[in-house]
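Coordinates in review
Below are the chains, spelled out letter by letter.
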Amino acid sequence: MPNFWLMKSEPDVFSISDLERDRVTGWESVRNYLARNYMRDQMRDGDLALFYHSNAEPSGVAGVARVTGSPVPDPTQFDGKSPYFDPKSTRAAPRWQMVNVEFVERFPAVVPLARLRRERSLAKLGVLQKGQRLSVMPVTAKHFDIVVRLGRSLTGRSS
DNA sequence: GCCAACGTTGGC
DNA sequence: GCCAACGTTGGC
């Protein structure tokens, strides 16, 4: 049984369509310790994630991705030109880890946040909780299933 | 653009 | 170790 997750990305930076095109990507640039710990310590090959578009119109769940392989050091921490460069990180002891994720599914349309909020059964979904802003968070199997069903039931274009 | 919520930094 | 100041996230 895989674990289930929700992973946020700003679609202006990297969207579900970008993942569909690239097939696999390193989930780089996460600079929050709890989010890092989830990736480093709890994510396993084959885990499934809701791909969430944040700072978007609309924000919401755009599709599904799968964790592939094991966590690896996030290369942006070593890149002096990157905004995510971390001068305190060394290759011997990298501070930031990431996972690779591969494309699984893009919903016919984004499931908007407002739609998720209307679903009584999702009341406890992490991303709906006030003040939470973690970019990587766990999701229960039940919640994952409900959101995926919602996503697949949508019609229309866009993402 | 506003602002609530939360994380991080750094003086002490 | 406390905690005020500051920075970031992200919905609206």
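Residues numbered from 1 in each chain as written. Chains lettered and ligands numbered in written order. Predicted model: local features only at pLDDT ≥ 70, side-chain atom pairs only at ≥ 80, totals over all residues. Heavy atoms only, no water.

Let us look at the pairing of strand β5 (residues 97–112). Where strand β2 (residues 24–26) lies against β5, three bridges are found, and the strand directions are antiparallel. Bridging across to β5, Val24 finds its partner in Glu102. Of the strand pairs in this sheet, strand β4 (residues 60–73) and β5 are connected by ten bridges, and their pairing is antiparallel. Directly across from Ala65, in β5, lies its bridge partner Phe103. (Pairing = 2+ DSSP bridges. Helix = DSSP H or I, 4+ residues; strand = E, 2+ residues; numbered from the N terminus.)

Looking now at the nonpolar core. Burial of nonpolar side chains together is a common tendency in soluble globular proteins. Residues Met7, Trp27, Met39, Val61, Leu116 and Val136 are the most contacted members of the largest nonpolar core, which totals 45 residues. Of the residues forming this core, the biggest block, seven residues, is contributed by β5. (Core = buried A, V, L, I, M, F, W, Y, C linked by side-chain atoms within 4.5 Å. Buried < 20%, exposed > 50% of the residue type's maximum accessible area, 1.4 Å probe, protein only.)

Now for the protein's contact with DNA strand C. In the neighbourhood of DNA strand C, the contacting residues comprise Lys8, Tyr52, Ser54, Asn55, Ser59, Leu113, Arg117 and Arg133. Close to the protein, within 4 Å, the atoms of DNA strand C belong to sugar or phosphate groups at a rate of 74%. Lys8 places a polar side-chain atom, nitrogen or oxygen, 2.8 Å from a phosphate oxygen of DNA strand C. Between a phosphate oxygen of DNA strand C and a main-chain N or O atom of Arg133, the distance comes to 2.9 Å. (Near = heavy atom within 4 Å. Polar contact = N/O pair within 3.5 Å; in protein donor to acceptor, adjacent residues only side chain to side chain.)

Quick look at the side chain of Ser54 now. Here Ser54 shows up in the loop between β3 (48–53) and β4. Each residue touching Ser54, except ones within four places of it in the same chain, is listed here: Lys8, Ser9, Glu10, Pro11 and Ser59. (Contact = heavy atoms within 4.5 Å.)

The immediate surroundings of DNA strand B are formed by Tyr33, Lys130, Gly131 and Arg133. Here a phosphate oxygen of DNA strand B and a side-chain polar atom of Lys130 are 2.7 Å apart. Contacts to DNA strand B include Arg133, whose side-chain N or O atom sits 2.7 Å from a base oxygen. Class assignment for the residues of the surface near DNA strand B results in one nonpolar, one polar and two charged. (Nonpolar A, V, L, I, M, F, W, Y, C, P; charged D, E, K, R; others polar.)

Secondary-structure assignment places Val64 in strand β4. Along the backbone, Val64 and Met7 are 57 residues apart, and their C-alpha atoms lie at a distance of 9.5 Å. Residues within four places of Val64 in sequence aside, it is in contact with Ile16, Leu48, Ala49, Phe51, Phe103, Val104, Glu105, Phe107, Phe144 and Val148.

The subject of this paragraph is the pattern of salt bridges. All chains considered together, the criterion is met by ten salt bridges. Across the salt bridge formed by Asp74 and Arg31, the nearest N and O atoms sit 3.0 Å from each other. With Asp74 in the loop between β4 and β5 and Arg31 in the loop between β2 and α2 (33–42), the pair connects residues that are 43 residues apart, well separated along the chain. When salt bridges that share partners are traced, they join Asp18, Arg21 and Asp22 into one network. (Salt bridge = Lys/Arg side-chain N within 4 Å of Asp/Glu carboxyl O.)

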